[in-house]
Amino acid sequence: MFCDPQELPMNTLMETYPYLPTETTVLGICQDGLPVLFDFHDQSPGAILVSGDQSCGKTHLLKSISEAAIQYNTSWQVNLVVITSKPEDWDGLRQSSDWSDYCLGFEPSYERRAEELVSRVARMVEERRFARQHGPTILFIIDDLEKSENWDSESRDHLEWILKKGPAHRIFPICSIRTEDGLGMGSLLSRFKTRIIGKMNSPSSRKFLAAGDTGTDDVLEKDQFMVMLGHAWITFKVPMFIR
């Protein structure tokens, strides 16, 4: 039965979809009512870029992905690292009773501590590459990727290393960027293998940030996104976030 995702609070997601596999998270809900899943065992998505116009729902999507990861997994299966230019937008989720069990680090992108956190994640990638340490999947979330342009060169190099090597070791970068900032991001965009596209008023911008034709020029609604699965673009909506 079709369930309007905008009427599906995140805290009832497990009641509506109780049999989803562990070590996954939910990106959103398709119009047929089925969830779009991100499988932590599948390295093929690589680094993920969420792009769209201002206020299209990018932060909402990142928080929804994080909340679903917490609901469907134990802290032994997934951890979160979050860097954001708007820490207040994450207050509801951070105040939940289980946040501290899952979160390895949370820093505002404008603080020096954010760059130190990037270096810490880069070291985790290295430790896993040489099998010195294994651990749960890490969702490395950067909300407002453009703020990384203000980091020093070493931190930006560490970030590019994580984008390139992290997914092979179950450290998945999931970053958001506004349309206009994404157009000027340069070579860093090539490190993102999966593109999630939100509302964009410019078809040419959407084609550029999607790294190809999405098959439609229709303008998406707020909290509606597109992602390529296999060889086809599908559209989904983000469940209502209540925390």
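The coordinates are above.
Presented here is an overview of the structure given in this document. Everything numeric here is computed off the predicted structure, so don't read it as measured data.

Each value, and the rule that gives it
- Residues numbered from 1 in each chain as written.
- Predicted model: local features only at pLDDT ≥ 70, side-chain atom pairs only at ≥ 80, totals over all residues.
- Heavy atoms only, no water.
- Helix = DSSP H or I, 4+ residues; strand = E, 2+ residues; numbered from the N terminus.
- Buried < 20%, exposed > 50% of the residue type's maximum accessible area, 1.4 Å probe, protein only.
- Contact = heavy atoms within 4.5 Å.
- Lys, Arg positive; Asp, Glu negative; His and termini not counted.
- Charge placed at Lys NZ, Arg CZ, Asp CG, Glu CD.
- Expected span 1.5 Å × (residues − 1).
- Phe/Tyr/Trp six-rings, centres within 6.5 Å; stacked < 30°, edge-to-face > 60°.
- Lys NZ or Arg CZ within 6 Å of the ring centre and 35° of its normal.
- Pairing = 2+ DSSP bridges.
- Salt bridge = Lys/Arg side-chain N within 4 Å of Asp/Glu carboxyl O.

## Concerning the overall build of the chain
Consideration 1: Scanning the chain from N- to C-terminus turns up 8 helices and 10 strands.
Consideration 2: Expressed along its principal axes, the backbone C-alpha trace of the chain runs to roughly 45 × 40 × 35 Å.
Consideration 3: Of all 243 residues assigned to the chain, the portion counted as buried reaches 54%.
Consideration 4: Partitioning the intrachain contacts of the chain with sequence separation of at least 6 by distance along the chain shows that 68% fall at a separation of at least 24.
Consideration 5: Averaging the locations of the 26 positively and 35 negatively charged side chains of the chain gives two centres separated by 5 Å.

## Here we look at helix α5 (residues 112-129)
Consideration 1: Between the first and last C-alpha of α5 there are 26 Å, a value that for 18 residues agrees with the 26 Å anticipated at 1.5 Å per step.
Consideration 2: For α5, the set of buried residues is Ala114, Glu115, Leu117, Val118, Ser119, Val121, Ala122, Met124, Val125 and Arg128.
Consideration 3: Packed against the buried residues of α5 are β4 (78-84), β5 (103-108), β6 (137-143), α6 (153-165) and β7 (171-178).
Consideration 4: Once α5 finishes, Ala131 follows within two positions and takes phi at roughly 60 degrees, a positive value.

## Here's the deal with the packing of aromatic side chains
Consideration 1: A full pass over the atoms with the stated rule returns 5 aromatic pairs.
Consideration 2: An angle of 65 degrees between the planes, with centres 6.3 Å apart, marks the rings of Trp90 and Phe106 as edge-to-face. Separated by 16 residues along the polypeptide, Trp90 in the loop between β4 and α3 (91-94) and Phe106 in strand β5 bring together distant segments of the chain.
Consideration 3: On the basis of relative accessible area, Trp90 is assigned to the buried category, the value being 0%.
Consideration 4: Between the aromatic rings of Trp99 and Phe106, the centroid separation amounts to 6.3 Å while the plane-to-plane angle is 75 degrees, which identifies the pairing as edge-to-face. Both residues of the pair, Trp99 and Phe106, belong to the buried class.
Consideration 5: By way of ring pairs, the aromatic residues Phe38, Phe40 and Phe172 are connected into one cluster.
Consideration 6: A cation sits over an aromatic face here: Arg94 above Phe106, 3.9 Å from the ring centre.

## As for the pairing of strand β2 (residues 35-39)
Consideration 1: Across 5 bridges, strand β1 (residues 24-29) lies against β2 in antiparallel orientation. Residue pairing in the sheet places Thr24 in a bridge with Asp39 of β2.
Consideration 2: The turn joining β1 and β2, which pair antiparallel and follow one another in sequence, is formed by 5 residues; a positive phi near 90 degrees is taken by Gly33.

## Quick notes on unusual backbone geometry
Consideration 1: Positioned with a positive phi, Ser55 is a non-glycine residue whose angle comes to about 65 degrees.
Consideration 2: On the secondary structure map, Ser55 appears in the loop between β3 (47-52) and α2 (58-72).

## Remarks on the pattern of salt bridges
Consideration 1: If you walk through the whole model with that rule in mind, you get 12 salt bridges.
Consideration 2: A salt bridge links Arg170 to Glu23; its shortest N-O distance comes to 2.5 Å. Remark: Glu23 occurs in the loop between α1 (13-16) and β1 and Arg170 occurs in the loop between α6 and β7; sequence separation between them is 147 residues.
Consideration 3: According to the relative accessible area criterion, Arg170 is partly exposed, its value standing at 22%.
Consideration 4: For the salt bridge of Lys147 with Glu146, the shortest nitrogen-to-oxygen distance reads 3.6 Å.

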